[in-house]
Amino acid sequence: MICSCSSESDKEHSDVGNDARVTMILSISGQGDNGYNDLITQGLMRFYNSSGVILSMQHPHSMNEAKEMINSWVNTPSDSKELLVLAADYAELAGSEIHSLADNKKVLLFEAKDNDKLPKGVSTFYIQRYGASYLSGCIASPHWEATIMAAMPGEQPLEDAIQGFADGYAKGGNKAKVFYLANDVSGYAMADSAYRYASRLDDHFVFPLAGSSNSGIYKSSRESLFSTMLVVGMDVDCGAYSGRIPYSMVVHIDRIVEDYLTEWLQTGSMRRHQTYGLDSGMIEVVLSKYFADFSYIWEDYYRDYYYWENALKQYTDEAKEKEKAYENK
């Protein structure tokens, strides 16, 4: 015997979503980063479980493969309501490959600052990291040395975060060093290289901006027993990953994705563009609840149990104002 249970709410979701299809082209660096990419998947799966849509997740291994996937989706006729969700890697491809869309097709592109050159039906959002990074730098500013480890140069979200942390850290009178793991997207998947470089930063405050490669930095911080290295957690609350993470810069991209997809399913369209900064609540600095157990080994200003909490409160409003000024440049 086969039986099933349902509720009225389940039926409603099914009725709304049974003629809708969502295709997600994942980042080339893929899932399993315990951070940004996995958060995107979580948002997609929550939407899928509540909506009844048909969901397809495609993982290209090169830009050429991603290009083929985009072209196939754009040019394949369909009678369903269709949404293509593109990871941040594909901003340039979206601009060069998507020239027009059928009325039943929409596109959501991550991490694009504007979409003036994109056709009707393409929606974009951008997570402005300057403010939260500035706040992170302010909190770290008493530390004598800091290194920003980024995946690659030229990526706007990374460059905003680099500038923010550097500006905040300069409050202590020091200059943060910047190190790029690679010159292309391979820097997001170089955990071993990140581990080796981090192992040389015994007394630095490390600000990681390297996607999946960040795991190598966290591993190094766990295994470097005789050092004073501290690390900012990235994308999710990383306090449990290492005792050397006093706080994390958390990005709620799962909520953003879920909100956009729900808007599309209910209305058939999405807002053209939106930027999410520190004021939005979609990006924030979160203190680790585990770090206090290790604080006795740090310098005097870190021995104060309330140092981190007080610094977070002290600099939050300033960081919001600095972000507004940065956006208006």
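Being a predicted model, the structure only gives us computed values, none of them experimental.

## So, the packing of aromatic side chains
Next, step 1: Counted under the stated rule, the structure contains 13 aromatic pairs.
Next, step 2: Between the aromatic rings of Phe110 and Phe125, the centroid separation amounts to 5.0 Å while the plane-to-plane angle is 40°, which identifies the pairing as tilted. Separated by 15 residues along the polypeptide, Phe110 in the loop between strand S4 (105-109) and strand S5 (122-127) and Phe125 in strand S5 bring together distant segments of the chain.
Next, step 3: Taken together, a centroid distance of 5.0 Å and an interplanar angle of 85° make the contact between Tyr307 and Trp308 edge-to-face.
Next, step 4: A relative accessible area of 13% means that Tyr307 is categorised as buried.
Next, step 5: Judged by its relative accessible area of 6%, Trp308 is buried.
Next, step 6: Its end group placed over the ring of Trp264, Lys81 keeps NZ or CZ at 5.3 Å from the ring centre.

## Some points on the pattern of salt bridges
Next, step 1: Inspection of every chain in the model, using the stated rule, returns 13 salt bridges.
Next, step 2: Its salt-bridge partner being Glu145, residue Lys177 comes within 3.5 Å of it at the nearest N-O pair. Remark: Glu145 occurs in the loop between helix H5 (130-140) and strand S6 (146-150) and Lys177 occurs in strand S7 (residues 177-180); sequence separation between them is 32 residues.
Next, step 3: The partly exposed category is assigned to Lys177, whose relative accessible area is 48%.
Next, step 4: For Glu145, a relative accessible area of 25% translates into the label partly exposed.

## Remarks on the sheet that holds S7
Next, step 1: Pairing is parallel across the open sheet formed by four strands, whose spatial order is S7-S6-S8-S9. The sheet is open, and its two borders are formed by S7 and strand S9 (230-231), each paired with just one other strand.
Next, step 2: Pairing of S6 with strand S8 (residues 205-209), which is carried by five bridges, proceeds in the parallel orientation. By the bridge assignment, Thr147 is partnered in S8 with Val206.
Next, step 3: Sheet strands touched by helix H6 (residues 156-169): S6, S7 and S8. Its angle to S6, the strand with the most contacts, is close to 175°.

## Brief notes about helix H7 (residues 191-198)
Next, step 1: Taken together, the buried positions of H7 are Ala194, Tyr197 and Ala198. The buried residues of H7 occupy one face: seen down the axis, they fall within an arc of 95°.
Next, step 2: Buried residues along H7 sit in contact with S6, S7 and helix H8 (214-223).

## A look at the pairing of strand S11 (residues 247-251)
Next, step 1: Counting buried positions over the five residues of S11 gives five, a clear majority of the element.
Next, step 2: Burial of the side chains of S11 extends over both faces: Tyr247, Met249 and Val251 are buried on one face and Ser248 and Val250 on the other.
Next, step 3: Pairing between strand S10 (residues 233-235) and S11: three bridges, direction parallel. Among the inter-strand pairings, Asp235 is bridged to a residue of S11, identified as Val250.

Rules of the game
- Residues numbered from 1 in each chain as written.
- Predicted model: local features only at pLDDT ≥ 70, side-chain atom pairs only at ≥ 80, totals over all residues.
- Heavy atoms only, no water.
- Phe/Tyr/Trp six-rings, centres within 6.5 Å; stacked < 30°, edge-to-face > 60°.
- Helix = DSSP H or I, 4+ residues; strand = E, 2+ residues; numbered from the N terminus.
- Buried < 20%, exposed > 50% of the residue type's maximum accessible area, 1.4 Å probe, protein only.
- Lys NZ or Arg CZ within 6 Å of the ring centre and 35° of its normal.
- Salt bridge = Lys/Arg side-chain N within 4 Å of Asp/Glu carboxyl O.
- Pairing = 2+ DSSP bridges.
- Contact = heavy atoms within 4.5 Å.
- Axes fitted to C-alpha atoms, helices over the stretch in contact; angles between N-to-C directions.
- Arc of directions from axis to C-beta.

These results come straight from atomic positions and should not be treated as a statement about function.
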